[in-house]
Amino acid sequence: MNNFINISDLKDIDKAIEEAILLKKHPTKYQNIGKNKTIGLLFFNSSLRTRLSTQKAAINLGMNVMVMNFSKEGWALEFDDGVLMNSSKSEHIKEAAQVISQYCDIVAVRAFAELKSSAIDNQDKVINGFLKYATIPVVNMESATGHPLQALADAITIAEHTQKKQPKIVLSWAPHPNALPQAVANSFVEMLHQTSASFVITHPKGFELNSEITKNATIEYNQEKAFENADFIYVKNWSSYTNYGKTSQDETWKITIAKMKLTNQAKFMHCLPVRRNVVVDDAVLDGENTLVIQQANNRTYAAQVVLKKILENEKK
Ligand code: CP
């Protein structure tokens, strides 16, 4: 593997999950793989888990790590070609990506959707700018359209908590005061498409995800019906794709103990950060079926398996 932009960049997700579970047992077994190699982690947006888990994964592989909060510390970058740069943008991605490629062996980038235009966000200009101009492997730490490291961590967590070949997994929308990107939900769906799981997506009408991503997935607008017999409830808010960037605080979609009782004693999952008692009641989040802390822990091993595969195939 050279770049990790989408979950489909993994040739075999089941093998990657197995490998991550082994890495979890022996996290420093491959310390030599990253010796004298450097990863640059570039953040155009805030992060707790992605920043620390990717750093930890790189350290476990013996790498040096450089982190830059690009939006606060870097020059404002221009991503369009052929423009007159006489406004707020000081540096073009063309130079920036090539310069960073001289300092690092891998570059990982976080740059969220702006949620003003689906046409613009679908171009994923930041990650694609690095792909176009960097001469080193590029890792997606959440782009405008996807968060594959999160999806891989979620797949590892599900594998660790079921013996079933076809567990029923429900991806449920939940309310939120702010408009949030669809990236986590997109990658979760893309990941599920690659597994044998039976899954249902439930959300209010008008909150459909990009149909190119959901493909033939089952959509159920009745949340309580969707929850019946579920083994995993994966909760996430996303803003509307069809009415792009519009959000809703419809509290009838909040996750409660009463709704979880409709399931097959389902595990509760969320990528975090989560707004307590807005998205999900304390009683669910603090209950014995919650997996949110385990999911966050698995972010390290998801990142580690990805970085290991890139280092093993390095073509620099
Ligand atoms: N889930 C996740 O990506 O968390 P951070 O935004 O804190 O990195």
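Up top is the structure.
A few points on the structure. On a predicted model such as this, the values are computed, not experimentally measured, just so you know.

**Notes on the overall build of the protein chain**
Right, on to step 1. A count of helices and strands for the protein chain gives 13 helices and 11 strands.
Right, on to step 2. Taking 316 residues into account, the globule formula puts the C-alpha radius of gyration at 20 Å, and the protein chain, at 19 Å, falls close to it.
Right, on to step 3. When the backbone C-alpha atoms are referred to their principal axes, the protein chain occupies close to 55 × 50 × 35 Å.
Right, on to step 4. Looking at the protein chain as a whole, 54% of its 316 residues qualify as buried.
Right, on to step 5. Surface exposure of the protein chain reaches about 14500 Å², of which carbon and sulfur atoms provide 47%.
Right, on to step 6. Here the protein chain carries 36 positive and 33 negative side-chain charges, and the mean point of each set is 4 Å from the other.

**Let's talk about the site of the ligand**
Right, on to step 1. Taken together, S47, L48, R49, T50, R110, H147, Q150, C271, L272 and R299 make up the full set of residues adjacent to the ligand.
Right, on to step 2. In the model, an oxygen atom of the ligand is placed 2.7 Å from a nitrogen or oxygen of the L48 main chain.
Right, on to step 3. Interatomic distance of 3.0 Å between a backbone N/O atom of C271 and a nitrogen atom of the ligand.
Right, on to step 4. Of the residues in the shell around the ligand, the class split is three nonpolar, four polar and three charged.

Definitions and cut-offs
- Starting afresh in each chain, residues are numbered from 1 along the sequence in its written order.
- Per-residue local features are limited, in this predicted model, to residues with pLDDT of at least 70; the limit for side-chain atom pairs, both in listing and counting, is 80 or more; totals at the level of whole chains, interfaces and linings are taken over all residues.
- The basis for the side-chain values is all heavy atoms of the structure; hydrogens and waters are excluded.
- Numbering of helices and strands runs from the N terminus, with a helix taken as a DSSP run of H or I at least four residues long and a strand as a DSSP run of E at least two residues long.
- Only the C-alpha atoms count toward the radius of gyration. The rule for a globule is 2.2 Å times the residue count to the power 0.38.
- Any residue under 20% of the maximum accessible area for its type is buried, any over 50% is exposed, and the rest in between are partly exposed; the area is computed with a 1.4 Å probe on protein chains only.
- For the accessible areas, the method is Shrake-Rupley and the probe is 1.4 Å, while residue cover comes only from the protein chains on display.
- When charges are counted, Lys and Arg contribute as positive and Asp and Glu as negative, whereas His and the chain ends are disregarded.
- The atoms used to mark charge sites are NZ of Lys, CZ of Arg, CG of Asp and CD of Glu.
- Whether a residue is near a molecule or strand depends on its heavy atoms: if one lies within 4 Å, it is near.
- What qualifies as a polar contact is a pair of N or O atoms within 3.5 Å, subject to a donor-acceptor requirement within protein and to the restriction that residues adjacent in sequence count only when both atoms come from side chains.
- Think of it as three bins: nonpolar holds Ala, Val, Leu, Ile, Met, Phe, Trp, Tyr, Cys and Pro, charged holds Asp, Glu, Lys and Arg, and polar takes everything else, Gly as well.

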